[in-house]
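Understanding the architecture of this molecule
The residues making up each chain are set out below.
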Amino acid sequence: MWEIVGVILVIYIFWQFIDALGKTIPIMELMMLIAGLQWVIGPIISYGQETSHYKYYMYVDQSTYMSYVVPAFFCFCLPLFLMLKKQSKSYSINFLKYLPYAKQLLFIGVGADVLSAVTPSALSFFFFLIAQFKFIGALLLLFSPRKSDQYYFYGAVFYLFLNALARAMFHDLLLWGIFMFMYWSLKKRPAMGTKLLLISAGIVMAIAIQAVKSSFRANVWGGYSGNKLELFVNILDDRLSDGYFEEEESDEELNVRLNQGWIISAIMYYTPTFQAYAGGETVIEALFSSILPRFLNPSKKMAGGQENFEKYTGLPLSDGTSMGLSIIGESYANFGVVNGAVFMLIWGGFLAWYWKKLVKITFKYPLVLMFLPVLFLQVVKAETELVVVLNHLFKASIVVALFFFASIKYLKWELKEAL
């Protein structure tokens, strides 16, 4: 019956996310929702399908999988639920004070984008983080009373769309699109019906992207030089005409991206039968990798997760392919069923503590609220492993803190709120 408990838990999180839209910035709810969809709902769909992919299938039976994942997922969510229950149920912040800095943030972000093409690889992550500031500037301008300023926000959404088509990479569009929807909701305070309608439209868009992505990417990366929007629409039209969404194999293909469970189940099948539990090894590596720069830690793990993936699933990856164990999968690979759930409780507790500290900081520096997407860009994902999440959270926190320090001291920005 664990799958029933899991479905109820995901529905509850979804309701909490919907309810929080327009009142707060529900990044913690989003993180739990994405995890629930990828760790619980995707696997349930996969177990219910008659056909299975030759590689992306569930490697252990449903009872074995759910009896670990659902309790571990609940342990992860529990401290976050308790923390959120004590938080303010509604934000009421006047961002008008910070509007003079919005276009400067846009300029800094665009400048970092341009410079990232010529900077050494050691600084690439730093410039990547600074480049995200252009979206922070656009978010700020959404709160401007001047309509001409608000066009920058909608222009940023359009930029994300065009960039996704140009690169045939839709990750930034989807993730930043969700973040922007949160801030738009905070500004507009939409009714429940409007929120559900827009979320439904977003889901349809995500399904459409998943349906055409592989063919679209093959064309673009193969040197296609025509109108990419027209190409996208034509491929989607072909899919619809061919009855793509009515085929069992198509449903399976669409679920592959949602279902992180096939990797988790592969870990459960392979570890510890063929590979001993890591016993905390990857956790310690993640801690040191996030704190120490590469020149002080020459053995620092490369991003992409290929080494751990192959080691704890037994499945080979081709060169250039990156797949993460996910934190819940990594928990099992290190500690097994019971202690893996305990680790998820600790991880959820850490994130609850960190979020609580951030909220406390926003009372003194309200503009920090605008930088939350930059801090949690990797944290909200359910497929990334601990080293990637910690590395991003630690370095992004340092970059944002240094930016606030430099802005106050050298740019003379008035960011501190009188208490």
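Refer to the preceding data block for the structure.
In short, a report on the structure.

Definitions and cut-offs
- Residues numbered from 1 in each chain as written.
- Predicted model: local features only at pLDDT ≥ 70, side-chain atom pairs only at ≥ 80, totals over all residues.
- Heavy atoms only, no water.
- Patch = residues over 30% accessible without salt bridge, like charges linked within 9 Å, V, L, I, M, F, W, Y side chains within 5 Å.
- Areas by Shrake-Rupley, 256 points an atom, 1.4 Å probe, with all protein chains shown as cover.
- Salt bridge = Lys/Arg side-chain N within 4 Å of Asp/Glu carboxyl O.
- Helix = DSSP H or I, 4+ residues; strand = E, 2+ residues; numbered from the N terminus.
- Buried < 20%, exposed > 50% of the residue type's maximum accessible area, 1.4 Å probe, protein only.
- 1 Å grid on protein atoms, 1.4 Å probe; cavity = no way out; pocket = protein on both sides within 12 Å on 5 of 7 lines; lining within 4 Å.
- Points joined across faces, edges and corners; volume = space filled by probe spheres on them.
- Nonpolar A, V, L, I, M, F, W, Y, C, P; charged D, E, K, R; others polar.
- Core = buried A, V, L, I, M, F, W, Y, C linked by side-chain atoms within 4.5 Å.
- Contact = heavy atoms within 4.5 Å.
- Lys, Arg positive; Asp, Glu negative; His and termini not counted.
- Charge placed at Lys NZ, Arg CZ, Asp CG, Glu CD.

**Quick word on a nonpolar patch on the surface**
On the surface, Phe-74, Leu-78, Leu-82 and Leu-345 cluster together into a nonpolar patch covering about 330 Å² of accessible area. Considering every element that reaches the nonpolar patch, the biggest residue donor is helix α3 (residues 62-86), with three residues. Note on placement: Phe-74 falls in helix α3. The class for Phe-74 is partly exposed, based on a relative accessible area of 39%.

**With respect to empty space enclosed by the protein**
For the coordinates displayed, the defined rule picks out one cavity of 30 Å³ or more. A volume near 80 Å³ is recorded for the largest cavity. Lining the largest cavity we find Met-31, Ala-35, Trp-39, Phe-76, Ile-327, Trp-347, Val-379, Val-380, Lys-381, Ala-382, Thr-384 and Val-389. If you tally residues by element for the lining of the largest cavity, the top one is helix α2 (residues 27-48), at three residues. Considering only residue class, the lining of the largest cavity consists of ten nonpolar, one polar and one charged.

**A few points about unusual backbone geometry**
Cis rather than trans, the peptide bond between Thr-271 and Pro-272 has omega equal to 5°. Here Pro-272 shows up in the loop between α12 (261-270) and α13 (281-291). The backbone of Ser-326 sits at a positive phi, close to 75°, despite the residue not being glycine. Inspection of the secondary structure assignment puts Ser-326 in the loop between α14 (306-313) and α15 (327-364). The class for Ser-326 is buried, based on a relative accessible area of 0%.

**Considering the nonpolar core**
A general tendency of soluble globular proteins is for nonpolar side chains to be buried together. The biggest cluster of nonpolar side chains holds 136 residues, and the ones touching the most others in it are Trp-39, Phe-73, Phe-76 and Phe-376. Looking at this core element by element, the count peaks at 14 residues for α15. Once residues lying within four places of it in the same chain are set aside, the contact partners of Trp-39 are Tyr-65, Val-69, Phe-73, Phe-76, Gln-260, Ile-264, Ser-326, Ile-328, Met-344 and Ala-382.

**Concerning a positive patch on the surface**
There is a patch of like positive charges on the surface, built from Lys-86, Lys-356, Lys-357, Lys-360, Lys-364 and Lys-416. With four residues, α15 is the single largest residue contributor to the positive patch. With respect to the helices, strands and loops of the structure, Lys-416 is situated in the segment after α17 (386-409).

**Re the pattern of salt bridges**
A side chain of one charge can pair with a side chain of the opposite charge when the charged atoms of the two come close. Under the defined criterion, the tally for this structure stands at four salt bridges. A salt bridge links Asp-149 to Lys-103; its shortest N-O distance comes to 3.7 Å. Here Asp-149, found in helix α7 (residues 147-167), pairs with Lys-103, found in helix α4 (residues 102-115); they are 46 residues apart in sequence, far enough to count as distant. Using a relative accessible area of 43% as the deciding quantity, one classes Lys-103 as partly exposed. Between Asp-113 and Lys-134 there is a salt bridge whose closest N-O contact spans 2.8 Å. Separated by 21 residues along the polypeptide, Asp-113 in helix α4 and Lys-134 in helix α6 (residues 133-142) bring together distant segments of the chain.

Such coordinate-based values are descriptive only and should not be taken to indicate function.
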